[in-house]
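Chain and residue survey
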Amino acid sequence: MADTPAKKTIDEAKVDLKALLADLDLEEVKEFDEKEFWGFWVNFGSYPILIENQKGTAFCVVAFQITLPPGEPVAKLNELYAKNDFKFIFELFSAFSSPVTGFSRIFEGDKVVGFTVSKYIYPFHAGFSIRHLDEALQAVTSSGAMGVIFLKSLLGEWKEEEKTLKELGRSEPGPMYE
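Reading the values: the criteria
Residues numbered from 1 in each chain as written. Predicted model: local features only at pLDDT ≥ 70, side-chain atom pairs only at ≥ 80, totals over all residues. Heavy atoms only, no water. Phe/Tyr/Trp six-rings, centres within 6.5 Å; stacked < 30°, edge-to-face > 60°. Buried < 20%, exposed > 50% of the residue type's maximum accessible area, 1.4 Å probe, protein only. Helix = DSSP H or I, 4+ residues; strand = E, 2+ residues; numbered from the N terminus. Arc of directions from axis to C-beta. Contact = heavy atoms within 4.5 Å. Salt bridge = Lys/Arg side-chain N within 4 Å of Asp/Glu carboxyl O. Pairing = 2+ DSSP bridges. Axes fitted to C-alpha atoms, helices over the stretch in contact; angles between N-to-C directions. Parallel < 35°, antiparallel > 145°, perpendicular 65-115°, else oblique.

Within this structure, the stated rule accounts for 10 aromatic pairs. Between tyrosine 81 and phenylalanine 88, the ring centres sit 5.3 Å apart and the planes meet at 85°, which makes this aromatic pair edge-to-face. Each member of the pair, tyrosine 81 as well as phenylalanine 88, carries the same accessibility label: buried.

Moving on, we get to unusual backbone geometry. We note that aspartate 25 has phi near 55°; this positive angle belongs to a residue other than glycine. Within the element layout of this structure, aspartate 25 appears in the loop between α1 (10-23) and β1 (29-33). The residue asparagine 84 is not glycine, and still its phi comes out positive at about 55°. Take asparagine 84: it is sitting in the loop between α2 (72-82) and α3 (86-96).

For α2, the complete set of buried residues consists of Pro73, Val74, Leu77, Asn78, Leu80 and Tyr81. For α2, the arc enclosing every buried residue in end-on projection is 155°, short of the 170-degree limit, so these residues lie on one face. Facing away from the buried side of α2 by over 90 degrees, the exposed positions are Glu72, Glu79 and Ala82. The elements touched by buried residues of α2 are α3, β5 (102-108), β6 (111-121) and α4 (130-155). Just downstream of α2 lies asparagine 84, where phi reads positive at about 55°.

The next subject is the pattern of salt bridges. If you walk through the whole model with that rule in mind, you get 7 salt bridges. With a closest N to O distance of 2.8 Å, aspartate 16 and lysine 8 form a salt bridge. According to the relative accessible area criterion, lysine 8 is partly exposed, its value standing at 22%. Close ionic contact of lysine 76 with glutamate 72 constitutes a salt bridge, the shortest N to O distance being 3.2 Å. Pair noted here: lysine 76 and glutamate 72 are both in helix α2, with a separation of 4 residues, about one helical turn. Lysine 76 sits in the partly exposed class, given a relative accessible area of 29%.

With antiparallel pairing, 6 strands are arranged side by side in an open sheet as β1-β2-β3-β4-β6-β5. Bordering the open sheet on either side are β1 and β5, each of which pairs with just one other strand. Neighbour-to-neighbour, the strand axes of the sheet open up by a mean angle of 25°, direction not taken into account. Across 3 bridges, the pairing between strand β3 (residues 47-54) and strand β4 (residues 60-67) is antiparallel. Note on β4: the bridge partner recorded for leucine 50 is alanine 63.

Our next topic: the packing of α2 against α4. How two helices sit against one another is set out by the angle between their axes and by the gap between those axes. Contact pair α2 / α4: the axes reach a minimum separation of 10 Å and the direction vectors enclose 90°. With respect to their mutual orientation, α2 and α4 come out roughly perpendicular. Packed against α2, whose contacting residues are Pro73, Lys76, Leu77 and Leu80, the element α4 presents Leu151, Leu154 and Leu155 at the interface.

Here's what the structure looks like:
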């Protein structure tokens, strides 16, 4: 039986990820380390993307989050969900997902107010490379951008304000379009 290579420590994974992010020449990288989570906020294109590890797990989540502004867009979206329209649900899944990404809904109470497009990466494992990181960043960004376009075509235009990480001033997931 062949020996399984040892996994990297949190500190080794952080150093490696930070170096890979620098090699990708991303505009803004904000590192955070909290009680249960550590990771990075990065700007990929004009979108803030979260790379986060829940301490104790051997993977990171790369996430693109879309939060609708309160009012008409949220009301229209929830009306469509209430109809249980399978065509709408199929189109929504198609817009927000790809063979390499997944997505989940963001709730406030019982209302859907947004979506998170995500992909797992494995920086603790031998063989993790810049290619894996770049593919994850591109995958969540393109699926997320397609989802935003789909929602706007369905719900009507809403004003979205892209914010830099410095303007966001947070180290946890939150509304990206407020």
